[in-house]
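Notes for the structure review
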Amino acid sequence: MTAASALGRLDRKSRLRVTGELLGKRGKEAWLIYRRNWMAVLGLALLLLFSVMAIIHPFLMGTVWPKGIYDPSVGYDLGILAHPSPPSAGHLLGTDTLGRDVLSILLAAARPTFVMVSAAALTSAIIGTLVGGLSAYFRGWVDGVFANLADVALLAPAPLVMVVIGFMLDVQPLEFGLLYGVLAGLGTVGVVLRSHALSVMSKPFIEASRVAGGGAVHIIFGHLIPHLLPLAAVNMMLVVTGAIFANGFIGFLGLSRAQLNWGTMIYDAFTYMGINETIPWNVLLASASAISLFAAAFYMVAGGLHDVADPRQRK
Amino acid sequence: MIRYLARRMLSGLVTLFLFVSLVFFGTQVVLPGDFVSQYALFLSTSESEEMRQTLGLDLPLGERYLHWLGQLLHGDLGRSFSIEGMGAPVTEVILQTLPATLLVFGLGTAIAFLGGQWLGRLTGWRSPKWFSGTATLGAIALYTSFPPWLAFLLVYLFVLKLNLLPANATRAMFRQPQVSQPQVMSQMVLTLLVALAITLAAAWGVRRLRRRRRLPILVQLALIGLLWVGAWLVYDIVPYAVEIMRAAALPIMIYSLLSFGEIMLIVRTTMADTVDEEFIQTALAKGLKPAQVRDRHAARAAILPVISRLVISLPYLFTGMVMIEQTVGWSGVGTTLLFALGEQNVPLVAGMIVAIGIFSLLTRLGLDLIQISLDPRLRVASAARRGLL
């Protein structure tokens, strides 16, 4: 705490500079720990690859790929007789049973998935942190209310609820992510963060802050929540897997109303299999591995963040 | 202890009740139309009105709720809707579908837990880097594989290519009216539970009689299997049970593969955290064999977070179960629930959720009990609360 007390004696400008240096140091240290976990680095690389996929699609559509052939929803290549066709120079991943370019659908589905996943992850982390922090600080009836809400959310697992909602309503990716995030934040993430917050609350520095006259807002936002954030980040990444599966499953049931979705690709592959009795392996493999790799990337990044948050890893 | 369990049960039931009420209103307010409106093409207006009257859908929502509530207080879940007016009692539908789900869910979770715990223990404990690396990558691949896709792959491999398993529960054997499939299934689930209880009691007895001797896990498993098959013989359901097991093998395999990855990853992480603890160093320093320290000291401490984590993951595992049922065409709770939701069969949906809720409450209580019996700290805490210490 010497650095902090020294900060108080500096003027505003140099205080900013010192804080910046401290943050830079912490960031560098965090990166060194993160880099030690090769799976986490692999996950980060995969995420970068997926973001490139999401960004590159509109450019490809505008330049190299003619709209009529490569459109992800209605494209059709007249030059090929039998669809689905295996990978070729024109279609790097081949075409599906309806004659659309598989790579184009794969790329086009990346952006909505990213939107959905980021919304779900952020919402669940924010709500989970607030729920965990508030119920650990106030205990009593606040804790009771949130515990019962969590029980409800655990009774109705978020993926299942989303499937049920998807049955009847046309849910856009962003709405899907927000809803999923609220459910997961009140449920699993809230439960995990609450038990961690309880252990933080029993630490001496909370007591010290109270003795020094810190109010509820100061203790919760200044001391408690910063200690919850690393775990919240880890759980946020784990929420992603559930969200991807639920979204993919709705698509797989054929309920996503022609939204571009990796699950819908699998649904289409099965549904139109009857047209020519061939199993379109190129479509199935591409979409299934996209779902798995996307989820796995988040899981591996979560592992790296877990290491960074673990004080024992610091040397 | 008993007071704690009773309190948990009570608060769980209250939550469940609130949740079911929410579902009752939710399905009827948010979703457009009602059960009758989907048959609007085949029915004239007066016929629709008549059907609404038989089903009680013409009453205001509040009145319907109170009526349903009154029935529930008498332990009656009402009757499912059907095109000919009132269908089968909901309790009957639940009793017909629940055994199928329980069979796959229970056996699958048990296999996944045993396998995942074993492999996680090995990989989390100073194993060579290539081994733990491959095992972890494999577990991540299983954990993140999309359930319908994995189901399709296994169906393709075992049913279409190798012809080892039947694609669906063949009903040829169940043509005779005296034996019904759900009945055999519920007998199977019950006898499995009894076999499990007997085996656990035997293991406990052996440990009590001869100190420090344990029944090896393989002997326990064999005992369970023998008792189970023996029970089939007693009930005289062997051919039916074999038929069911052949059909259930595929969903069980898919389900346990999916859950296996998650369980293994949790065990590995907690195991890796335990390795550096001081009591492990002590145990090693006093000259115990590493394998002994791993199984008796580290694994016992590492299993606790797994069980508390299992409480949270259980609903997610169940969701995976629903996806598998839907993909493989296994007629269990999940498929029925999705179907009932699709046609807004409100009493059936509400009843199913009550059943699932009670089941998950019981499972969570069971896991609580296991945790208390495994963690000495919790036992001491509860004894202290009762004033014994």
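Residues numbered from 1 in each chain as written. Chains lettered and ligands numbered in written order. Predicted model: local features only at pLDDT ≥ 70, side-chain atom pairs only at ≥ 80, totals over all residues.

**Considerations on the overall build of chain A**
Regarding its fold elements, chain A presents twelve helices and zero strands. Reading chain A from its N terminus to its C terminus gives the helix and strand order α-α-α-α-α-α-α-α-α-α-α-α. Its C-alpha atoms give chain A principal-axis dimensions of roughly 80 × 45 × 30 Å. Long-range pairs, those at least 24 residues apart, make up 74% of the contacts in chain A with a sequence separation of at least 6. (Helix = DSSP H or I, 4+ residues; strand = E, 2+ residues; numbered from the N terminus. Contact = placed C-beta atoms within 7 Å.)

**Details of the overall build of chain B**
Each helix and strand in chain B was counted, giving 14 helices and two strands. In chain B, which comprises 389 residues, the share counted as buried stands at 35%. Pairs at least 24 residues apart make up 74% of the contacts formed inside chain B by residues separated by at least 6 positions. (Buried ≥ 20, exposed ≤ 12 C-beta atoms within 10 Å, placed from the backbone.)

**Some thoughts on helix H12 (residues 333-342) of chain B**
Counting buried residues in H12(B) gives eight out of ten residues, a clear majority hidden from the surface. Three or more residues of H12(B) are buried, namely Val333(B), Gly334(B), Thr335(B), Thr336(B), Leu337(B), Leu338(B), Ala340(B) and Leu341(B). Where H12(B) is buried, its residues touch helix H7 (158-168) of chain A together with helix H4 (90-124), helix H11 (290-328) and helix H13 (346-374) of chain B. A positive phi of about 55° marks Gln344(B), the residue just after H12(B).

**Things to note about the interface of chain A and chain B**
Counting residues at the interface gives 28 residues for chain A and 24 residues for chain B. Put simply, the parts of the chain that give the side of chain A that touches chain B at least two residues each are helix H6 (140-155), H7, helix H8 (173-201), helix H10 (216-252) and helix H12 (281-309) of chain A. Top contributing element to the side of chain A that touches chain B by residue count: H12(A), with seven residues. By residue class, the composition of the side of chain A that touches chain B is 21 nonpolar, six polar and one charged. (Nonpolar A, V, L, I, M, F, W, Y, C, P; charged D, E, K, R; others polar.)

**Some words on the packing of H4(B) against helix H7 (residues 181-209) of chain B**
All names here are of chain B. Packing of H4 against H7 leaves a shortest axis separation of 8 Å and a crossing angle of 45°. Taken as axis vectors, H4 and H7 run oblique relative to one another. Two packed elements cross with a definite hand, and for H4 against H7 that hand is left-handed. Here Leu95, Gln96, Pro99, Ala100, Leu102 and Leu103 of H4 come into contact with H7, specifically with Pro182, Met185, Ser186, Met188 and Val189. (Axes fitted to C-alpha atoms, helices over the stretch in contact; angles between N-to-C directions. Parallel < 35°, antiparallel > 145°, perpendicular 65-115°, else oblique. Left-handed = near helix turned anticlockwise from the far one by under 90°.)

**Looking at the environment of Gly320(B)**
Residue and element names in this part refer to chain B. Here glycine 320 lies in helix H11. Owing to 27 C-beta atoms within 10 Å, glycine 320 belongs among the buried residues under this scheme. Beyond its immediate sequence surroundings of up to four residues, glycine 320 is in contact with Pro147, Tyr255, Leu258 and Ser259.

**Here's the deal with the confidence of the model for chain B**
Residues and elements named next belong to chain B. Here chain B shows a mean pLDDT of 78. Residues at 70 or above account for 89%. Mean pLDDT values for the elements of chain B range from 60 in helix H14 (residues 376-385) up to 86 in helix H5 (residues 129-143). Contacts of residues 169-175 to residues separated by more than four positions or lying in other chains number ten contacts, the stretch itself having pLDDT below 50. Scoring of the predicted complex yields 0.81 for pTM and 0.78 for ipTM. (pLDDT = per-residue confidence, 0-100.)

**Thoughts on unusual backbone geometry**
Residue and element names in this part refer to chain A. Within the chain, arginine 139 stands out as a residue other than glycine whose phi angle is a positive 50°. The topology assignment puts arginine 139 in the loop between helix H5 (102-138) and H6. On the neighbour-count criterion, arginine 139 (12 C-beta atoms within 10 Å) is exposed.

**Notes on the environment of Arg246(B)**
All names here are of chain B. With respect to the helices and strands, arginine 246 occurs in helix H9 (residues 238-274). A residue is classified by how many C-beta atoms lie within 10 Å of it, and arginine 246, with 14 of them, is partly exposed. Between the alpha carbons of arginine 246 and leucine 164 there is a distance of 9.2 Å; along the sequence they are 82 residues apart.

**Things to note about H7(A)**
Burial analysis of H7(A) places nine of its eleven residues in the buried class, the great majority of the element. Among the residues of H7(A), those classed as buried are Ala158(A), Pro159(A), Leu160(A), Val161(A), Met162(A), Val163(A), Val164(A), Ile165(A) and Gly166(A). Buried residues along H7(A) sit in contact with H6, H8 and H10 of chain A together with H11 and H12 of chain B.

**A word on the nonpolar core**
Formed by 170 residues in total, the largest nonpolar core has its most connected members in Ala120(A), Met237(A), Val240(A), Val104(B), Val349(B) and Met352(B). At 19 residues, H5(A) tops the list of elements feeding residues into this core. Apart from the residues lying within four places of it in its own chain, the contact partners of Val104(B) are Ala248(B), Pro251(B), Ile252(B), Tyr255(B), Met321(B), Trp330(B) and Gly332(B). Within the second largest apolar cluster, five residues are counted, among which are Phe35(B), Val36(B), Leu57(B) and Phe81(B). (Core = buried A, V, L, I, M, F, W, Y, C linked by C-beta atoms within 7 Å.)

**With respect to the packing of H5(A) against H10(A)**
Residue and element names in this part refer to chain A. At a minimum axis distance of 6 Å, the contact between H5 and H10 shows a crossing angle of 140°. Looking at the two axes, H5 sits oblique to H10. Of the two elements, H5 crosses H10, and the hand of that crossing is right-handed. For the contact of H5 with H10, the residue count by class is 21 nonpolar, seven polar and no charged.

**With respect to the environment of Leu153(B)**
In this structure, Leu153(B) sits in helix H6 (residues 147-161). Along the primary structure Leu153(B) and Ile254(B) are separated by 101 residues, whereas in three dimensions their C-alpha atoms are 9.6 Å apart.

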